[in-house]
Structures are given as C-alpha cells and as structure tokens.
Amino acid sequence: MQTEAVLEHHSGSQSSGRTGSKSWQYSDLMEKVDGYLMKYTNLVTGWQYRYFVLNNEAGLLEYFVNEQSRNQKPRGSLPLGGAVISPSDEDSHTFTVNAISGEQYKLRASDAKERQHWVSRLQVCAQHHTEAMGKTNPPLQSRSLSMASQGSGSSPGSQHRISQNSNALLGLSQLQRGSSLYSSRKSLLPDHLLEAREMMTQAQGQHRDLIQSIEGLPSSQGPSPLDQDLLLLKATSLATMTCLSDCLHILQLQQVARQKFPLSGPALEWLEPKLPDILKNGGTLPSITKDDGKTEGAVLEPLEMDSCDIVLEQEEIDATQEVDDSSPSEEEDLGAVEEERSVILHLLSQLKLGMDLTRVVLPTFILEKRSLLEMYADFMSHPDLFVAITDGSSPMDRMVRFVEYYLTSFHEGRKGAIAKKPYNPIIGETFHCSWNVPKEAASPTGIPKEGSSCASDCYNVRFVAEQVSHHPPVSGFYAECQERQMCVNTHVWTKSKFMGMSIGVSMIGEGNLNLLEHGEEYTFSLPSAYARSILTVPWVELGGKVNVNCAKTGYSAVITFQTKPFYGGKLHRVNAEVKHNPTNAVVCRVQGEWNGVLEFAYTSGETRFVDVTKLPVTRKRVRPNELQGPYESRRLWQHVTESLKERDMDKATEHKRFLEERQRKEERHRAETQTPWRTKYFERKGEGWMYYQPLWKTAGQSSSSVPSPQNP
C-alpha cells in the first residue's frame with residue numbers, strides 16, 4: 001500500500017514484510033498523548049476541564065474527571081476506528097471527534113499549537129484502526145454501504161443510520177485507496193459523482209503524503225514539524241479537503257433523497273429563498289375580495305435603502321395606550337404535519353447530524369404566531385411571583401422564592417406542549433409590554449377589589465426586548481418594577497442543532513436579578529430546549545443544569561431539567577437544591593414537573609406544593625399594532641401572523657421572505673457605506689449585553705415608561 005511505503009520511507013525501515021512493517025511503523029508513531037482539555041456538554045451547556053488519554057493500542061479516546069482518577073474506570077470513551085477528527089472553524093483552539101456511532105466530543109485545547117498536536121495524533125490513530133477494521137471486518141463496510149441503496153429504508157431510524165454511516169464513510173481520515181470500496185454504490189450514484197469520488201481519493205492520498213512528510217521531518221536539523229508555516233500548510237490542506245468532502249457528501253445525500261423521496265412540484269428552497277418580483281420593492285400582494293366584502297391581503301410596508309436610520313430611532317412608549325393582550329394563550333395543533341411530511345423528509349435529507357440550523361430557513365407551517373422576543377416576555381406571565389421575591393424575610397427565603405418563580409415561568413412561556421418555532425427576530429426588532437400586579441389590598445383572585453384604581457393598587461412591571469445581533473442571533477431583554485426596586489437583565493444566544501429526529505436549542509447566556517432593597521444580585525443561566533418527534537407531532541422538553549448564585553448571601557441553587565430516558569421514565573421532570581455555600585447545608589429540595597406539580601421540601605420538615613397549571617396568569621398589556629413603531633414585533637410580523645391565522649401558508653411565506661430579504665438589503669447597505677450597527681436599548685458589556693439605563697442607575701427617577709437615550 002502507498003501509505004505503508006510512505007511510513008516506511010520516513011521511519012527508515014528496510015523491512016519488506018507488509019504486516020511486520022505496518023506494525024513497526026504504527027508503533028513508531030504511537031506517541032503517548034494525555035493531558036487536560038475542555039469538554040463541551042450540551043446538557044450542561046458549558047465547558048468543563050477533563051483529563052484525556054489517547055489509548056493508541058485500543059484505538060480509544062478516554063477521559064477522566066482529573067489526572068488522579070486515571071487509574072479508575074474512564075468517565076467516557078470514544079472508539080477512533082472510523083472516526084472523523086476535524087478542527088473547528090469557531091476558533092483556533094476547538095476541534096471535534098465524531099465517532100462512527102454518531103457520538104461526538106467537542107473539545108478545546110489551550111492554544112492552536114496544542115490543538116494541532118492532538119488532532120494530528122488522533123488522526124494517525126483513527127487512520128490505523130479504520131484500516132485495520134476494514135481488513136478484519138469487510139462485511140461491516142458492505143453492510144453500511146448497502147443501507148444507502150435500500151429502497152425501503154424510509155423510516156426515521158433508517159434515515160438516521162444513513163446519515164451516520166454516510167458521514168463516517170465519507171470522513172476525511174477514512175477514505176480507502178482502492179476503488180472497489182465504492183462498487184456497491186454504482187447503482188446509486190451518477191457517473192459524475194463516482195468520477196468525483198475517484199478524484200477525491202487521489203487528492204486525499206496527496207494530502208496524506210504531505211502530512212506524513214511534514215510529521216516525519218527530523219527535529220534535530222532543518223525545519224521542525226511544529227514550524228508555524230508548516231502548521232499553517234497542514235491546516236490549509238486539511239480545511240480544503242474537509243470542505244471538498246463535505247460538498248461531495250451533500251451531493252450524495254441529495255441523490256439519495258431524490259431516489260427515496262421524490263417530490264412533486266418545485267424543489268424546497270431552504271437557503272437564501274428567492275423573493276417574488278412583486279415584493280422586491282415593497283409592493284402589495286394580490287387582494288382577494290371575499291363574499292362578505294372584506295379584502296384579503298395587505299400592503300407591505302416598504303423600506304427604502306436610504307432610510308435605514310429608522311432602525312436607530314427609539315419607540316415612543318406611552319403606557320396609557322396599552323391594553324390587555326387579547327391573543328390566544330395556546331397554539332393550535334400542528335394539523336399540517338402529515339400533509340407536509342414529504343417536505344420535512346426532503347429538508348431532513350439535506351441536513352447533517354450536529355448541523356447548526358441558524359441559517360436554515362424552516363417551513364412556514366411550523367411557525368407559531370409570535371416573535372421570539374415576545375416569547376421571552378411570556379415567561380413573565382406570573383409577575384406576582386416575580387415581585388414577591390423581594391418580600392422574602394431572609395436570604396434563604398428570597399432564594400427559594402426566586403427558584404419558585406423560575407420553575408413556574410416555563411409552562412406559560414411555551415404556550416402549550418406543541419413544538420412550534422417562534423419567528424426569528426430581525427436585527428433592531430423590539431418588543432415592549434407591561435403587567436399590572438395587584439398589591440396586598442387586592443382580592444385573593446388576583447384582581448383589584450371593586451372600586452379600586454389600578455394606578456394606586458397595582459405594581460407595574462415593565463419589559464423591553466431587543467434583537468441586538470444577527471450573527472450570532474443574540475437577544476437582550478430587561479424587566480423592572482420601579483416601586484419594588486427590582487429589575488432583571490438577560491442576554492440569550494439561541495443556537496439550534498439538528499439531532500436526527502429532534503432539534504436541540506441551546507440557550508447560551510446569563511441573567512442577573514437585582515434586589516436593590518437588599519443589595520443582592522442573583523445570576524442564573526437557562527436550560528436547553530428539545531423539539532422531539534419532528535416527523536409526527538412535535539413536542540417540547542427541557543434539559544440541562546441551571547445554576548443560580550447570590551454572592552452576597554452565599555446561597556445558591558442547582559436546578560436540573562431531566563430529559564426523558566429512552567425506555568420508561570416520566571416527562572418534564574425537574575429537581576432542584578437550594579444550598580448555603582459557607583456551611584454546605586441544603587436548606588430546600590424541589591422535585592416534580594415544570595409544567596405540573598412541584599413539591600418544595602424544607603429541612604425543617606415543612607412541605608408545600610405548587611400546581612403550575614392552577615396559577616393565575618396575568619395578561620400582559622401591549623399597545624395596539626397601529627400605535628407601535630415599524631420595528632416593534634407585532635407590527636413588524638403582523639402580515640405573517642394574519643396569514644398563519646387564515647392558514648394561508650403561501651401568503652405567510654411570501655411576507656416572511658419579504659422581511660428576510662429586507663434585512664439582507666439593510667445589511668448590504670451598511671457594509672457598502674461602512675456604517676456600524678448601533679443598538680437602541682442595550683450596550684455591549686464584556687461578553688454580554690446590558691440595558692443602557694438599568695434601575696440601579698435611575699433609582700431616583702420616576703417614570704411610567706421605559707426611557708430613551710434621547711430623553712434620559
């Protein structure tokens with residue numbers, strides 16, 4: 001084999017025995033590699049240091065909690081036979097190890113040099129064990145390849161296996177030099193793809209020769225294998241080959257999809273959708289007059305390119321114009337899922353496991369009728385629990401009250417169990433609302449007593465949200481109750497990933513609750529969300545650990561949202577512990593369902609129950625659409641929302657595309673004029689975003705509305 005010849009040349013071996021030469025050559029490259037790397041875990045939504053060991057002989061990448069525990073059983077291991085090791089394009093420190101089973105490790109080294117060292121050694125080990133696996137177990141390859149050509153494999157399980165095996169067999173480090181490996185695909189792939197595969201094989205061989213030549217350089221004289229220019233050459237070559245392999249992989253998946261799921265009508269355009277000519281200049285959709293005389297269709301608000309500065313203007317918020325929200329509290333069933341099944345299957349065939357869905361345009365019929373910014377506001381639907389946090393008589397009581405408010409917020413925020421996707425906010429989009437919360441004089445029903453004035457008998461909680469970034473998509477939202485001297489500021493980056501038959505959404509960011517009366521600040525994170533069963537009736541579950549901390553009081557809480565096990569188990573389970581850190585004493589434990597009954601058990605023996613479904617919901621107050629600014633969520637998306645209510649998906653798609661294309665035009669205009677983007681209500685602070693005029697800055701001011709920078 002050519003690979004053996006290259007290895008033999010660089011090792012100086014004169015042996016002609018292929019088996020002995022191969023064993024000796026690989027052992028010569030079996031450098032001991034171990035050390036600390038940061039490992040990313042989706043459920044924890046964060047990075048953790050772990051001690052990794054490359055077991056060259058077994059072909060395993062193992063990790064331990066720390067170096068001292070390496071003599072114990074590994075916390076986890078990944079087989080490298082058939083694995084793909086790829087440097088990430090996120091930064092110069094991150095890389096991924098994708099096993100043939102579909103499991104993935106996302107790792108981060110301390111610097112680019114250490115990453116290159118790990119990647120190189122892992123690739124050598126993966127190549128050796130992949131080739132050994134192919135020699136000792138050839139039926140495995142033929143079975144994996146034959147799966148892609150079976151005409152009956154249209155089930156979700158078979159689609160998942162096709163994706164996994166295709167991804168593994170098309171990986172950069174697993175390409176075989178012989179053309180016989182691809183003979184079973186001749187009935188599936190057109191001739192031009194087979195020719196492209198042969199060219200890829202030749203290019204891969206040249207890339208492998210280059211890598212081995214560089215790594216075989218003696219370190220005593222001449223350029224070192226760790227020379228910066230040579231490292232750059234290796235990285236450039238690898239990136240080029242990875243890109244070409246991914247492109248060919250996409251073409252093959254599309255060919256599989258065409259043979260398995262032929263679609264009638266035009267192909268689904270899920271990237272950069274084209275805009276109908278009638279909408280390109282802010283035109284109108286055709287109006288249809290119904291029998292009752294009402295006109296269907298509306299004029300889309302045009303935006304000329306020279307008026308981009310309108311985004312920088314802030315809305316005039318008059319609290320007296322707000323009215324109780326009358327929109328439905330629940331979304332309708334997804335009755336269109338079965339009808340649109342072929343569209344979903346075609347879309348899924350073009351996605352790769354772990355693919356970031358940020359720039360993927362999903363079908364309109366899965367949208368719910370609100371923006372993501374408004375969804376964040378709906379998490380405040382129990383404002384009475386929010387303002388009651390500061391009433392706690394002790395630091396422990398206030399921490400428990402915060403945990404109670406936090407756990408009860410997700411049920412109403414989701415608008416039911418059906419997994420629908422809110423609109424992706426466009427940059428500069430905002431949402432404003434408020435809640436009137438009855439004071440102690442209010443009746444037990446939560447409604448002010450007869451004859452009372454809400455202005456005097458209610459606390460007012462105000463909310464503002466803004467989409468501060470487009471790539472990555474980051475939202476900032478802020479709420480305050482001036483009379484109770486409390487406010488909360490949060491920034492969230494939603495990152496969606498395709499996970500086979502489900503979609504995972506990581507909520508990356510942090511929130512800060514300030515109780516000015518007590519001088520306390522609570523920091524907290526957010527759980528991940530998962531849309532399951534996307535081919536049937538999608539449903540939502542939450543997963544991951546959330547940490548809540550108050551540095552001043554020493555109290556903290558760990559909240560764990562549990563995803564349902566594959567077999568058995570209950571849905572939507574959650575548990576939490578409130579702890580006093582200086583004494584390490586747990587003062588309260590919580591268990592139950594975040595959309596059902598929660599049990600609070602105190603160490604004193606007291607127990608109480610909270611039924612989330614029976615909590616009173618306070619309707620938010622929103623200004624009518626006609627009084628809102630052009631970039632406020634409800635007015636901005638009003639035509640899409642109306643079309644969805646009428647179940648006119650074609651019209652909803654056209655309106656949605658108009659807004660997306662207008663956003664692209666604005667982005668191009670700013671790039672051409674070198675105009676930096678300026679936010680309205682939030683300012684960049686380190687890695688996060690902070691409301692520009694939080695309550696702790698304006699505690700002495702009295703205002704019934706969110707102020708603006710022009711009139712602070």
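What counts, and at which threshold
- Residues numbered from 1 in each chain as written.
- Predicted model: local features only at pLDDT ≥ 70, side-chain atom pairs only at ≥ 80, totals over all residues.
- Heavy atoms only, no water.
- Helix = DSSP H or I, 4+ residues; strand = E, 2+ residues; numbered from the N terminus.
- Buried < 20%, exposed > 50% of the residue type's maximum accessible area, 1.4 Å probe, protein only.
- Contact = heavy atoms within 4.5 Å.
- Areas by Shrake-Rupley, 256 points an atom, 1.4 Å probe, with all protein chains shown as cover.
- Core = buried A, V, L, I, M, F, W, Y, C linked by side-chain atoms within 4.5 Å.
- Expected span 1.5 Å × (residues − 1).
- Salt bridge = Lys/Arg side-chain N within 4 Å of Asp/Glu carboxyl O.

**Q** What's the story with the overall build of the protein chain in this structure? I'm lost.
**A** Tallying secondary structure elements over the protein chain gives 15 helices and 28 strands in all. Looking at the protein chain as a whole, 51% of its 712 residues are labelled buried. Sequence separation of at least 24 residues holds for 60% of the intrachain contacts in the protein chain that already meet a minimum separation of 6. Summing over all exposed atoms, the protein chain offers an accessible surface of approximately 33800 Å²; the carbon and sulfur share of this is 51%.

**Q** Before we go on, may I ask you to explain the nonpolar core in this structure?
**A** Soluble globular proteins tend to pack their nonpolar side chains together in the buried interior. Among the nonpolar cores identified, the biggest contains 60 residues, and Tyr 376, Phe 386, Phe 463, Ile 559 and Phe 561 are the most heavily contacted of them. For this core, the element with the highest residue contribution is helix H11 (residues 395–413), accounting for eight residues. If near-sequence neighbours (up to four positions away) are discounted, Phe 561 is found in contact with Tyr 406, Leu 407, Phe 410, Pro 527, Leu 542, Gly 543, Gly 544, Val 546, Arg 573, Val 574 and Trp 594. Formed by 21 residues, the second largest nonpolar core is a distinct cluster that contains Ile 85, Ala 99, Val 119 and Leu 122.

**Q** Looking at this structure, I do not really get H11. What am I missing?
**A** Every α-helix carries 3.6 residues per turn, so stepping three or four residues along brings you back to the same face. Along its 19 residues, H11 runs 27 Å from first to last C-alpha, staying within 8% of the 27 Å computed at 1.5 Å per residue. Of all 19 residues that make up H11, 15 are buried, and the element is covered over most of its length.

**Q** Is there a simple way to explain the side chain of Lys 620 in this structure?
**A** Among the secondary structure elements, Lys 620 is positioned in the loop between strand E25 (607–611) and strand E26 (621–622). In this structure Lys 620 comes out as buried when scored by relative accessible area, which is 5%. Residues within four places of Lys 620 in sequence aside, it is in contact with Val 323, Asp 324, Asp 325, Glu 374, Asp 378, Phe 431, Cys 433, Ser 434, Trp 435 and Arg 634.

**Q** Looking at this structure, how should I read the environment of Met 399?
**A** Structurally, Met 399 can be placed in helix H11. As a C-alpha pair, Met 399 and Thr 553 span 154 residues in sequence and 9.4 Å in three-dimensional space. Once you skip the residues sitting within four places of it in the chain, Met 399 turns out to touch Tyr 522, Val 548, Asn 549, Cys 550, Tyr 555, Ser 556, Ala 557 and Val 578.

**Q** What is the right way to read the pattern of salt bridges from this model?
**A** One pass over the structure, following the stated rule, counts 26 salt bridges. Across the pair Asp 611 and Lys 614 runs a salt bridge whose closest N-O atoms are separated by 4.0 Å. Assessed through its relative accessible area of 68%, Lys 614 is described here as exposed. In this structure, Arg 668 engages Glu 661 in a salt bridge whose closest nitrogen and oxygen atoms are separated by 3.5 Å. Residue Glu 661 is classed as buried on the basis of its relative accessible area, which comes to 17%. If you follow the salt bridges from partner to partner, you end up with Asp 325, Glu 368, Arg 370, Glu 374, Asp 378, Lys 620 and Arg 634 in one network.

Fair warning: the whole summary comes from geometry, so function is off the table for now.
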